[in-house]
Amino acid sequence: MNSETLLARTTLRPSHTHTEPPADGPRPLTTADTNPAATADRDEAEEFVRLFHTEHPDQPTPLAARLHQVRTQIDQTGTYTHTEDELTFGAQVAWRNSSRCIGRLYWKSLRVLDRRQATTPEQIHQQLCEHLRQATNGGRIRPTISIFAPETPGRRAPRVWNDQLIRYAGYRQEGGGILGDPTYVAFTDTVRRLGWQAPVGPWDVLPLVIDTDDDKPQLFDVPRDLVLEVHLTHPDHPHFADLGLRWHAVPAISNMRLRIGGIDYPLAPFNGWYMGTEIGARNLVDTDRYNLLPAIAEHLGLDTSNEATLWRDRALVELNRAVLHSFNAADVKISDHHTESRHFLTHLEKEERQGRTVPADWSWIVPPVSGGITPVFHRYYEQADQRPNFYLDDDAKTRGRGGCPYGH
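Note that this is a predicted model, so its numbers are computed, not measured. Per chain, the residues get numbers from 1 upward, laid out in the order the sequence is written. Local features in this predicted model are restricted to residues whose pLDDT is 70 or higher, and side-chain atom pairs enter the listing and the counts only when it is 80 or higher, whereas totals over whole chains, interfaces and linings include all residues. To get the side-chain values, all heavy atoms of the structure are used, and hydrogens and water are removed first.

**Student:** Would you take a moment to explain the side chain of R96 for this structure?
**Tutor:** By the secondary structure assignment, R96 is in helix α4 (residues 84-96). Polar side-chain contacts of R96 include one of 3.0 Å to the side chain of E55. In this structure, R96 is in contact with E55, R104, W107, H347, E351 and R356, ignoring residues within four places of it in sequence. Segments assigned H or I by DSSP are reported as helices when at least four residues long, segments assigned E as strands when at least two residues long, and all are numbered from the N terminus. Residues adjacent in sequence count toward polar contacts only when both atoms are side-chain atoms; beyond that, a polar contact is any pair of N or O atoms within 3.5 Å, and within protein one must be able to donate a hydrogen and the other to accept it. In this analysis, two residues are considered to be in contact whenever any of their non-hydrogen atoms come within 4.5 Å of each other.

**Student:** Please explain unusual backbone geometry as it appears in this structure.
**Tutor:** Omega for the bond connecting R387 with P388 falls within 30 degrees of zero, at 5°, which places this linkage in the cis form. Position of P388 among the secondary structure elements: in the loop between α11 (362-365) and β15 (389-391). Backbone geometry at D331 places phi at a positive 60°, although glycine is not the residue there. Assignment of secondary structure puts D331 in the loop between α9 (311-329) and α10 (337-353). By relative accessible area, D331 is classed as exposed at 58%. For every residue, the accessible area (1.4 Å probe, protein chains only) is compared with the maximum for its type, and the residue is labelled buried under 20%, exposed over 50%, or partly exposed between those bounds.

**Student:** I'm lost on the nonpolar core in this one. Help?
**Tutor:** Nonpolar cores were defined as sets of buried Ala, Val, Leu, Ile, Met, Phe, Trp, Tyr and Cys residues, with membership established by side-chain atoms within 4.5 Å. If you look at the biggest cluster of nonpolar residues, it comprises 81 residues, and the most contacted ones within it are I145, I147 and L258. Broken down by element, this core gets its largest block of residues, seven residues, from α9. Beyond its immediate chain neighbours, meaning those up to four positions away, I145 contacts A91, L110, R111, V112, L113, H131, L258, A268, P269, F270 and F390. Counting 12 residues, the second largest nonpolar core, distinct from the first, contains Y184, F187, L206 and L219.

**Student:** Explain helix α7 (residues 276-283) here, please?
**Tutor:** Since one α-helical turn is 3.6 residues long, residues separated by three or four positions face the same way. Buried residues dominate α7, accounting for six of its eight residues. Every buried residue of α7 is accounted for by G276, T277, I279, G280, A281 and N283. Residues of α7 that are buried make contact with β10 (246-248), α9 and α10.

**Student:** Hey, could you run me through empty space enclosed by the protein in this one?
**Tutor:** It is a probe the size of a water molecule, rolled over the atoms, that shows where empty space is left. Here the term cavity refers to a set of points on a 1 Å grid, laid over the protein atoms alone, in which a 1.4 Å probe fits but cannot get out; the term pocket refers to an open set having protein on both sides within 12 Å along at least five of seven lines, with lining residues being those that place an atom within 4 Å of a point. Grid points are joined across faces, edges and corners, and a volume is the space filled by probe spheres set on the points. Counted according to the given criterion, the structure contains one cavity of 30 Å³ or more. In this structure, the largest cavity encloses a volume near 50 Å³. Along the walls of the largest cavity sit A118, T119, A149, R155, R156, P158, T212 and D213, which together make up its complete lining. The classification used treats Ala, Val, Leu, Ile, Met, Phe, Trp, Tyr, Cys and Pro as nonpolar, Asp, Glu, Lys and Arg as charged, and all other residues, Gly among them, as polar. When grouped by side-chain class, the residues that make up the lining of the largest cavity number three nonpolar, two polar and three charged.

**Student:** Would you mind showing me how to read helix α6 (residues 185-193) here?
**Tutor:** When we look at burial in α6, the residues that qualify are V185, F187, T188, T190 and V191. Where α6 is buried, its residues contact β5 (170-172), β6 (178-180), β7 (208-211), β8 (218-220) and α12 (394-400). Just beyond α6, the residue with positive phi is G195, at close to 120°.

**Student:** It is not clear to me how the pattern of salt bridges should be interpreted in this structure. Could you clarify?
**Tutor:** Pairs may arise between side chains of opposite charge once their charged atoms sit close together. Salt bridges, as used here, are contacts in which a Lys or Arg side-chain nitrogen is within 4 Å of a carboxyl oxygen on Asp or Glu. For the structure on display, the rule yields 32 salt bridges. A salt bridge links E44 to R259, with the shortest nitrogen-to-oxygen separation between them at 2.9 Å. Of this pair, E44 sits in helix α2 (residues 42-55) while R259 is found in strand β12 (residues 257-260), placing the two residues 215 residues apart along the sequence. Taken individually, E44 and R259 each receive the classification buried, so the pair is uniform in this respect. Two residues, R282 and D286, come together in a salt bridge whose shortest N-O distance is 2.9 Å.

**Student:** What exactly am I supposed to notice about the environment of L219 here?
**Tutor:** With respect to the element layout, L219 can be found in strand β8. For the pair L219 and P207, spaced 12 residues apart in the sequence, the C-alpha separation amounts to 6.2 Å.

**Student:** I keep staring at the sheet that holds β15 and nothing clicks. Help me out?
**Tutor:** Within a sheet, neighbouring strands are paired by backbone hydrogen bonds and run either parallel or antiparallel to one another. The strand order β13-β12-β15 describes an open sheet built from three strands, whose pairing is antiparallel. Because the sheet does not close on itself, it has two edges, and the strands there are β13 (263-265) and β15. Ignoring which end each strand starts from, the neighbouring axes of this sheet average 30° apart. Each pair of strands is called paired provided DSSP finds at least two bridges between the two strands. Note that β12 and β15 share three bridges and pair antiparallel. Bridge assignment links R257 to a residue of β15, and that residue is Y391. Interaxial angles span 0 to 180 degrees and are taken between N-to-C directions of axes, which are lines fitted to C-alpha atoms, for helices over the stretch in contact.

**Student:** So what exactly am I meant to see when it comes to the packing of helix α8 (residues 293-300) against α9 here?
**Tutor:** Each pair of packed helices gets described by two things: the angle between the helix axes and the distance between those axes. Contact pair α8 / α9: the axes reach a minimum separation of 9 Å and the direction vectors enclose 90°. It follows from the interaxial angle that α8 and α9 lie roughly perpendicular. Packed against α8, whose contacting residues are L293, P294, I296, A297 and L300, the element α9 presents W311, R312, A315, L316, E318 and L319 at the interface. Roughly parallel means an angle under 35 degrees; roughly antiparallel means over 145; roughly perpendicular covers 65 to 115; every other angle is labelled oblique.

**Student:** What is the right way to read the pairing of strand β2 (residues 111-115) from this model?
**Tutor:** Two faces, one strand: in a regular strand the side chains alternate between the faces of the sheet. Pairing of β2 with strand β3 (residues 144-148) involves five bridges; the strand directions are parallel. Across the sheet, the residue bridging to R115 is F148, located in β3. Between the parallel elements β2 and β3, the chain passes through helix α5 (residues 121-136) in a crossover that is right-handed. With the strands aimed away from the viewer, a crossover counts as right-handed if its path from the first strand over the helix to the second runs clockwise.

**Student:** What exactly am I supposed to notice about the environment of H82 here?
**Tutor:** Secondary-structure assignment places H82 in the loop between α3 (63-77) and α4. For H82, a relative accessible area of 2% translates into the label buried. Measuring from C-alpha to C-alpha, the distance between H82 and V49 comes to 9.5 Å, with 33 residues separating the pair along the chain. Residues contacting H82, with those up to four places away along its chain left out, are F48, R66, L87, R116, I260, G261, I263 and Y265.

What follows is the structure, encoded as structure tokens:
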């Protein structure tokens, strides 16, 4: 696909001329610098460099020399530049430290794409599309992260307003109902005001809103050939397909700030592959999302006259069966919550053998289906803010739900 195809977008105003940052690192500070809060934390930087050299002792630059480089850069510019090896290690360890993720056994397999030189909205959009292409991998989903330019004292980092690279639009209907995903009604309204020509269908992929230091936010479509979707069927109910349900294959989170060694990367979209319950017990079931349990129960002919029939539980299990069955039939990678629970305990054991603490949030680690019969249920976990890590800031939550933090 050529760049013209990738760059199908709606421009809110002409782009300014962009100046590429020097390849040899941050520039010296001047009186024009307006973001002192982005100064790198020196203690955190040194702690990270020591951790990197401890786990990778065969570096060409000795620890003492690298620490001197980092200190000097911070003193002169307010920040420093991670090497590619440091960036890769930092992103992988951020996944290792993510207390809400059950899939951390695979942290070393994370593919890290260094996109720090992409500064214009067009360049960023092209690299986000490439992220989806590489991560989708024809259905053999690969854990991937794309890391764009960091926040520095002299330049605000780029951001994407979307909370994931692929989300479905939600539209208010005249009768008070909602077509599509109810959670994204406000965001859909926002991008329509910014100029998106909405198709107004039940499964419309929202455009990306890319926000850089040099431009107002700009809209870019996600090319349809980069959105792998799975249509849901059921192994025992042939007419389940009549419900017309589907879901996309790659959960690429795009609104979390990656912090490595005292430096923040606000745009660092990352993905693994889905655990079935994320789709079948949350996205399609939560009452503020698609809220499909009543429709599933009716389709299956379940008795919904009272809660004692456990119709919700039965519909939930059958929907989750449909999700796993459909992804497997389409040869798209997905995992079930029993397998991932066992894998998480394997991760705990491996990390403990390395002498490392594994922070975990019980409420996120325990699956939303049959939690009590998974091995992760019957134990306690440590809570700790270990860095590198990912963080969800309030302004990112606002953008991802349709708010505009800059008043445009």
